[in-house]
Amino acid sequence: MIICIGREYGSGGHNIGRRLASNLNIPYYDRKLIDAAEDIGIHRSVLEKADETKASLWRDTPQYDVSEVRLRGMSANDIVFQLQSEWIYETASKGSCVFVGRCADYVLEQTGVPHLSIFITAPFEDRVSREMERQKLSEKEATAQVRKMDKQRKSYYSYYTKRSWGDPHDYDLCINSSSYGIDTTADLLTLFVRSLEEGRFTKK
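This text gives an overview of the structure that appears in the document.

What counts as what
- Residues numbered from 1 in each chain as written.
- Predicted model: local features only at pLDDT ≥ 70, side-chain atom pairs only at ≥ 80, totals over all residues.
- Heavy atoms only, no water.
- Pairing = 2+ DSSP bridges.
- Helix = DSSP H or I, 4+ residues; strand = E, 2+ residues; numbered from the N terminus.
- Contact = heavy atoms within 4.5 Å.
- Axes fitted to C-alpha atoms, helices over the stretch in contact; angles between N-to-C directions.
- Patch = residues over 30% accessible without salt bridge, like charges linked within 9 Å, V, L, I, M, F, W, Y side chains within 5 Å.
- Areas by Shrake-Rupley, 256 points an atom, 1.4 Å probe, with all protein chains shown as cover.
- Salt bridge = Lys/Arg side-chain N within 4 Å of Asp/Glu carboxyl O.
- Buried < 20%, exposed > 50% of the residue type's maximum accessible area, 1.4 Å probe, protein only.
- Parallel < 35°, antiparallel > 145°, perpendicular 65-115°, else oblique.
- Left-handed = near helix turned anticlockwise from the far one by under 90°.
- Nonpolar A, V, L, I, M, F, W, Y, C, P; charged D, E, K, R; others polar.
- Core = buried A, V, L, I, M, F, W, Y, C linked by side-chain atoms within 4.5 Å.
- Phe/Tyr/Trp six-rings, centres within 6.5 Å; stacked < 30°, edge-to-face > 60°.

### Quick notes on the sheet that holds strand β5 (residues 173-176)
Across the sheet, five strands lie side by side as β2-β3-β1-β4-β5; this open sheet has parallel pairing. Single-partner strands in this sheet number two, and they are β2 (28-29) and β5. Bridge count between strand β1 (residues 2-7) and strand β4 (residues 116-121): five bridges; the pairing is parallel. Paired with I5 across the two strands is I118, which belongs to β4. Contacts from helix α1 (residues 13-24) reach β1, β2, β3 (97-100) and β4 within the one sheet, and its direction differs from that of β1 by about 165 degrees. Contacting β1, β2 and β3, helix α3 (residues 76-92) runs over the sheet at an angle of about 160 degrees to β3.

Below, the structure is given as structure tokens:
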């Protein structure tokens, strides 16, 4: 069972994905960059900054002369997406796991790997409150952070998939984490996944 989770910022997608993977006893991957990042000639800090972002058209974007010929001339953002996409496909081909973000649903759809695609949402006010508590931010700071990260994720997903981020038509299941709480949401998803595995539901 390969599970891909998209999430609005502050909806608890990271914690839900981690608990879901733990419940199912399968690997969980979120900020997993290619271990050999430095080997291609770009410092890891550059690649981490480029993670889940697209290159800006409004400022100069360095084109990197990296060790791998196929990646030369690409922006750090495109290199990260390319390497992560290859790693996601290779990892999914080895067995069950949970991916969070990184357009994993689109990557696996394009490569023909069966998967379950989930999008986790929550009301804006709840997400702001959660980030205020989690990061010890003021309401103004948390509001700005949530808006910034939602915009960044939407832009990134739309750029690389040509889809609308969060469009329910592109996911198998959408769930509001505020309706049940983080832990219960993860537990409900666990029950759903296990029902799929047991054949009680069949994905068409």
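### Some words on a nonpolar patch on the surface
A surface patch of nonpolar side chains, amounting to about 300 Å² of accessible area, comprises Y180, L188 and L191. On the secondary structure map, Y180 appears in helix α7 (residues 177-180). Classification of Y180 by relative accessible area gives partly exposed; the value is 46%.

### Re the packing of α3 against helix α6 (residues 139-161)
Two numbers describe how α3 lies on α6: the axes approach to 12 Å, and their chain directions differ by 70 degrees. In this view, α3 runs roughly perpendicular relative to α6, as classed from their interaxial angle. Between α3 and α6 lies a crossing of right-handed hand. Residue-level contacts link N77, D78, F81 and Q84 of α3 to Y156, Y159 and Y160 of α6. Considering only residue class, the contact of α3 with α6 consists of four nonpolar, two polar and one charged.

### Describing the nonpolar core
In terms of nonpolar packing, the biggest core is built from 20 residues, with I2, F81, I88, A92, F99, C103 and L108 touching the most fellow members. Broken down by secondary-structure element, the contributors of at least two residues to this core are β1, α3, β3, α4 (104-110) and α6. Every residue in contact with I2, bar those within four places of it in the chain, is listed here: A92, G95, S96, C97, F99, L108, V113, P114, H115 and L116. The next biggest cluster of nonpolar side chains, apart from the first, holds 18 residues, and it includes A21, L116, I175 and A186.

### Digging into the packing of α1 against helix α8 (residues 182-197)
Where α1 contacts α8, the two axes come as close as 9 Å, and the packing angle between them is 45 degrees. Taken together, α1 and α8 sit at an angle that is classed as oblique. As α1 packs across α8, the resulting crossing turns out to be right-handed. Residue-level contacts link N15, I16, R19, L20, N23 and L24 of α1 to I182, D183, T185, A186, D187, L189, T190, V193 and R194 of α8. Here the contact of α1 with α8 is built from residues that sort into seven nonpolar, four polar and four charged.

### Comments concerning the side chain of S195
Checked against the element boundaries, S195 lands in helix α8. Residues in contact with S195, not counting those within four places in the same chain, are R200 and F201.

### What to know about the packing of aromatic side chains
Under the defined criterion, the tally for this structure stands at nine aromatic pairs. A centroid spacing of 5.0 Å and a plane angle of 45 degrees characterise the contact between F119 and Y171, whose relative ring orientation is tilted. Separated by 52 residues along the polypeptide, F119 in strand β4 and Y171 in the loop between α6 and β5 bring together distant segments of the chain. Note on accessibility: F119 and Y171 belong to one class, buried.

### Focus on the side chain of S177
Following the sequence through the fold, S177 ends up in helix α7. Residue S177 is classed as buried on the basis of its relative accessible area, which comes to 5%. Look past the residues within four positions of S177 in its chain and what remains in contact with it is S11, I16, I120, T121, A122, I182 and T185.

### Some thoughts on the environment of G13
Examined against the element boundaries, G13 turns out to sit in helix α1. Sequence separation between G13 and A186 is 173 residues; the distance between their C-alpha atoms is 9.3 Å.

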